[in-house]
Amino acid sequence: MIECIWSGRSWLYVILLPLSALYGLVSSLRRLSYKLGLRRSWKAPVPVVVVGNLTAGGNGKTPVVIWLVEQLQQKGYRVGVVSRGYGGKSEYYPLLLTDEVTTAQAGDEPVLIRRRTGAPVAVAPKRAEAIQSLLAYVPVDVIITDDGLQHYALQRDYEIVVIDGVRRFGNGCWLPAGPMRELAGRLNSVNTIIVNGGIPEAGELLMTLKGNLVINLLTGETRKVSDIPNSIAMAGIGHPPRFFATLQQLGANLQETHAFADHQAYEKSQLLALANSDQNLLMTEKDAVKCFQFAQPNWWYLPVYAEFPEEKGQKVLDDICTLLPELNIRQ
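Computed from a predicted model, the values in this text were never measured in an experiment.

Reading guide: rules and limits
Residues numbered from 1 in each chain as written. Predicted model: local features only at pLDDT ≥ 70, side-chain atom pairs only at ≥ 80, totals over all residues. Heavy atoms only, no water. Pairing = 2+ DSSP bridges. Helix = DSSP H or I, 4+ residues; strand = E, 2+ residues; numbered from the N terminus. Contact = heavy atoms within 4.5 Å. Axes fitted to C-alpha atoms, helices over the stretch in contact; angles between N-to-C directions. Buried < 20%, exposed > 50% of the residue type's maximum accessible area, 1.4 Å probe, protein only. UniProt positions renumbered as here; feature names shortened; annotations may be inferred. Domains from an automatic or database assignment. Buried area = accessible area lost by both parts, 1.4 Å probe. Salt bridge = Lys/Arg side-chain N within 4 Å of Asp/Glu carboxyl O. Parallel < 35°, antiparallel > 145°, perpendicular 65-115°, else oblique. Left-handed = near helix turned anticlockwise from the far one by under 90°. Nonpolar A, V, L, I, M, F, W, Y, C, P; charged D, E, K, R; others polar.

Asks: Could you give an account of the sheet that holds strand E8 (residues 204–210), with specific residues and numbers?
Replies: In spatial order, the strands read E3-E4-E2-E5-E1-E6-E7-E8-E15; together these nine strands make up an open sheet with mixed pairing. One side of each edge strand has no neighbouring strand; the edge strands of this open sheet are strand E3 (95–96) and strand E15 (305–307). Pairing analysis gives four bridges linking strand E7 (residues 192–196) to E8, with the strands arranged parallel. By the bridge assignment, Asn196 is partnered in E8 with Met207. Docked against the sheet, helix H5 (residues 108–117) engages strand E2 (79–83), strand E4 (121–123), strand E5 (142–146) and E15, running at close to 170 degrees with respect to E4. Contacting strand E1 (48–52), strand E6 (158–164), E7 and E8, helix H10 (residues 310–321) runs over the sheet at an angle of about 150 degrees to E6.

In structure tokens form, the structure reads like this:
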């Protein structure tokens, strides 16, 4: 229903417009207060790159964060990542991730990013506290923040906005009548606009998500998606239909699909009920990081990797690298 309202296919959004106007007013005044210096923002001692979006729901930020971290690591930079840790609940903040920290404590995206990249990761509702904790723990040359475009208490040196190329901005209204955290005009002040799929508009950088090998949660075995028979697909992400469509494009033999809420916490019995021993359960990597502790032999996940036109992707990296003193490069 919410997708129908936000897309403009239902007139019910009109009922929510007064709440949207209030949301927009509060959001705009809050940002203005930081601009005018009425509220204090914190400047980190190292460059900060924000990867965020203008809309609620999954747009593909995490693959961009992972791509940035890996590319900068390959150039010799020491990269740290901070996040709010949405979906997790820790007894204390800031929380530095270790092998023992669970998704229930830190949220699924921070755990996924650390697992994939090996970069140090810290989470806290106040990003400044996460950065301070991270810098006290390990020296880094640059901080990447997973989300946080609207977290103006933290100053940033470079802003990247990720857009869903198919859904884009829906009806263009503020929450809750529409999907917008900030209106589309905010794009005029960011450094890079990345569009995930669809057809990019002028000034936008097209990203494609690649990956055709699934990995067994229990054994680590890899196979082509098309080689997995009798498949049941599940996804607890911002936009599950995108994952199901990807599996179908890769030739998956799908019998059923099950969509869960974003950041859904899973129980073993809940997932065992989805697929019997003669079937295979396919999930996203974001779901998998919550399921390793009770994984079954017939459970598989699909890791995806962000790809960009080489020259344009390199330009983004070059622009970010100009923020970093050459002396901080670690070969």
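Asks: Help me get a handle on the pairing of E2, residues and values and all.
Replies: Counting buried positions along E2 yields five of five residues, so the element is predominantly enclosed. Side chains of E2 alternate between two faces, with Val79, Val81 and Ser83 and Gly80 and Val82 buried alike. Here E2 runs beside E5; their pairing, made up of five bridges, is parallel. When the sheet's bridge partners are listed, Val81 is paired in E5 with Ile144. Strand direction decides the pairing type here: E2 and E4, joined by three bridges, are parallel. The residue of E4 that forms the bridge with Ser83 is Val123.

Asks: Could you give me a rundown of the UniProt feature "binding site: ATP" (unreviewed entry) in the chain, with the residues and numbers involved?
Replies: The UniProt feature table records "binding site: ATP" (unreviewed entry) at Thr55, Ala56, Gly57, Gly58, Asn59, Gly60, Lys61 and Thr62. Along the chain, Gly58 turns up in the loop between E1 and helix H3 (61–74). With a relative accessible area of 16%, Gly58 lands in the buried category. For Gly60, the position within the fold is in the loop between E1 and H3. Setting aside chain neighbours within four positions, we find Gly60 in contact with Val162, Asn196 and Met207.

Asks: With reference to specific residues and values, describe the UniProt feature "transmembrane region" (unreviewed entry) in the chain.
Replies: The UniProt entry lists residues 12–32 under the feature "transmembrane region" (unreviewed entry), expressed in the numbering used here. A helix fraction of 95% and a strand fraction of 0% characterise residues 12–32, whose end C-alpha atoms lie 31 Å from each other.

Asks: Break down unusual backbone geometry for me, with residues and values.
Replies: The amide bond that connects Tyr93 to the next residue, Pro94, takes the cis arrangement and shows omega of 0 degrees. The linkage connecting Leu175 with the following residue, Pro176, adopts the cis geometry, with an omega of 0 degrees. Tracing the chain through its elements places Pro176 in the loop between E6 and E7. Its identity as a non-glycine residue notwithstanding, Asp147 has a phi of 75 degrees, on the positive side.

Asks: A description of the domain arrangement of the chain should follow, citing residues and the corresponding values.
Replies: Splitting the chain by domain gives domain 1 (1–208 + 308–322) and domain 2 (212–303). Domain 1 and domain 2 are separated by 26 Å when their C-alpha centres are compared. A combined buried area of about 1,200 Å² lies between domain 1 and domain 2, and 52% of that area is made up of carbon and sulfur atoms. When the buried surface of domain 1 facing domain 2 is broken down by residue, Asp108, Leu112 and Arg115 rank first, second and third, together holding 37% of it. At the junction of domain 1 with domain 2, the criterion picks out four salt bridges.

Asks: Go over the packing of H3 against H5 with me, naming the residues and quoting the values.
Replies: Where H3 meets H5, the closest approach of the two axes is 10 Å, and the angle between their N-to-C directions is 30 degrees. Taken together, the axes of H3 and H5 are roughly parallel relative to one another. Regarding H3 and H5, the two cross each other, and that crossing is right-handed. Contact residues: H3 offers Thr62, Val65, Ile66, Val69, Glu70 and Gln73, while H5 offers Glu109, Leu112, Ile113, Arg116 and Thr117. Within the contact of H3 with H5, the residues separate by chemical class into five nonpolar, three polar and three charged.

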